[in-house]
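The chain contents come next:
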Amino acid sequence: MSEQKITRTKAQEMAMTAIYDALNYVYMGEEVPIKEIISGLSGVSYEESDLYVKKVLIASLSHLNEIIALYQENMPRWKFSRLDRIEQAILLLAYAHLAYVEIDVPRPVVINNAIELAKRFLEPSDYKFVNAILDKTLPIHNKDSSHA
């Protein structure tokens, strides 16, 4: 069967929600049921779910400690674990999107998408923190990118 087609905005929202759900399992010390999370969000089988959502979730989890360490370096007065879980999901989504999933997407676009999610799902001024930490943390040049 073919992959479910959804808008990019909806895919990013679903990816953020999937990462949020996965973080709940991680913080409880439980195995993350990736297929169940994805199919539960999409309403279709895992195989038919949006490929972007699956890739971002898997990349976020596969590189979780590495990504958190990078954010932590850039926010010395904060602990990543103390951030709102939705905020954590947005930050993980942005890094995984840029560094591992869609390496041809411009950095400003990834930051803007994260800011839009923050404006929709966090407290009104929280998007400013998201913007600042992404600007400090996201790679200037995407991994696997050979152009300057």
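(A) Summary view of the overall build of the protein chain. From N to C terminus, the protein chain includes 7 helices and 0 strands. Mapped from its N terminus to its C terminus, the protein chain presents α and β elements in the order α-α-α-α-α-α-α. Scaling as 2.2 N^0.38, a compact globule of 148 residues should have a C-alpha radius of gyration of about 15 Å, and the protein chain matches this with 15 Å. Taken over the C-alpha atoms alone, the protein chain extends approximately 45 × 40 × 30 Å along its principal axes.

(B) The pattern of salt bridges, seen in detail. In the structure shown here, the tally under the stated rule is 4 salt bridges. Measuring nitrogen to oxygen at the nearest pair gives 2.9 Å for the salt bridge that ties Glu102 to Arg8. Note that Glu102 is positioned in the loop between α5 (85-101) and α6 (107-121) and Arg8 in helix α1 (residues 8-27), a separation of 94 residues in sequence. You can call Glu102 buried: its relative accessible area is 19%. Taking relative accessible area as the criterion, Arg8 reaches 38% and is therefore assigned partly exposed. Between Asp135 and Arg107 there is a salt bridge whose closest N-O contact spans 3.4 Å. A residue pair is termed long-range when its members are at least 10 positions apart, and Asp135 in helix α7 (residues 126-137) and Arg107 in helix α6 qualify at 28 residues. Classification of Arg107 as buried rests on a relative accessible area of 14%. Salt bridges linked by common partners bring Lys10, Glu13 and Arg120 together as one network.

(C) Structural context of the packing of aromatic side chains. Evaluation of the coordinates by the stated rule reveals 4 aromatic pairs. Ring geometry for Trp78 and Phe129: centres 5.5 Å apart, planes at 50°, overall tilted. Taken together, the residues Trp78 in the loop between α4 (64-73) and α5 and Phe129 in helix α7 connect sequence positions 51 residues apart. A relative accessible area of 48% places Trp78 in the partly exposed class.

(D) Structural detail: the nonpolar core. Core analysis: the largest hydrophobic core is formed by 47 residues, its most contacted members being Tyr71 and Leu134. Put simply, the parts of the chain that give this core at least two residues each are α1, α2 (34-42), α3 (51-62), α4, α5, α6 and α7. Looking at which element gives the most residues to this core, the answer is α5, with 11 residues. If sequence neighbours within four positions are ignored, Tyr71 has contacts with Phe80, Leu91, Leu92, Ala94, Tyr95, Ile133, Leu134, Thr137 and Leu138.

(E) Quick peek at α3. For α3, spanning 12 residues, the distance from its first C-alpha to its last is 16 Å, which sits close to the expected 16 Å at 1.5 Å a residue. Among all positions of α3, only Tyr52, Val53, Lys54, Val56, Leu57, Ala59 and Ser60 are buried. Packed against the buried residues of α3 are α1, α2, α4 and α5. Measuring from the side-chain oxygen of the N-cap residue of α3 to the backbone nitrogen of Tyr52 gives 3.2 Å; that N-cap residue is Asp50.

Cut-offs used in this document
Residues numbered from 1 in each chain as written. Predicted model: local features only at pLDDT ≥ 70, side-chain atom pairs only at ≥ 80, totals over all residues. Heavy atoms only, no water. Helix = DSSP H or I, 4+ residues; strand = E, 2+ residues; numbered from the N terminus. Rg over C-alpha atoms; globule rule 2.2 N^0.38 Å. Salt bridge = Lys/Arg side-chain N within 4 Å of Asp/Glu carboxyl O. Buried < 20%, exposed > 50% of the residue type's maximum accessible area, 1.4 Å probe, protein only. Phe/Tyr/Trp six-rings, centres within 6.5 Å; stacked < 30°, edge-to-face > 60°. Core = buried A, V, L, I, M, F, W, Y, C linked by side-chain atoms within 4.5 Å. Contact = heavy atoms within 4.5 Å. Expected span 1.5 Å × (residues − 1). Polar contact = N/O pair within 3.5 Å; in protein donor to acceptor, adjacent residues only side chain to side chain.

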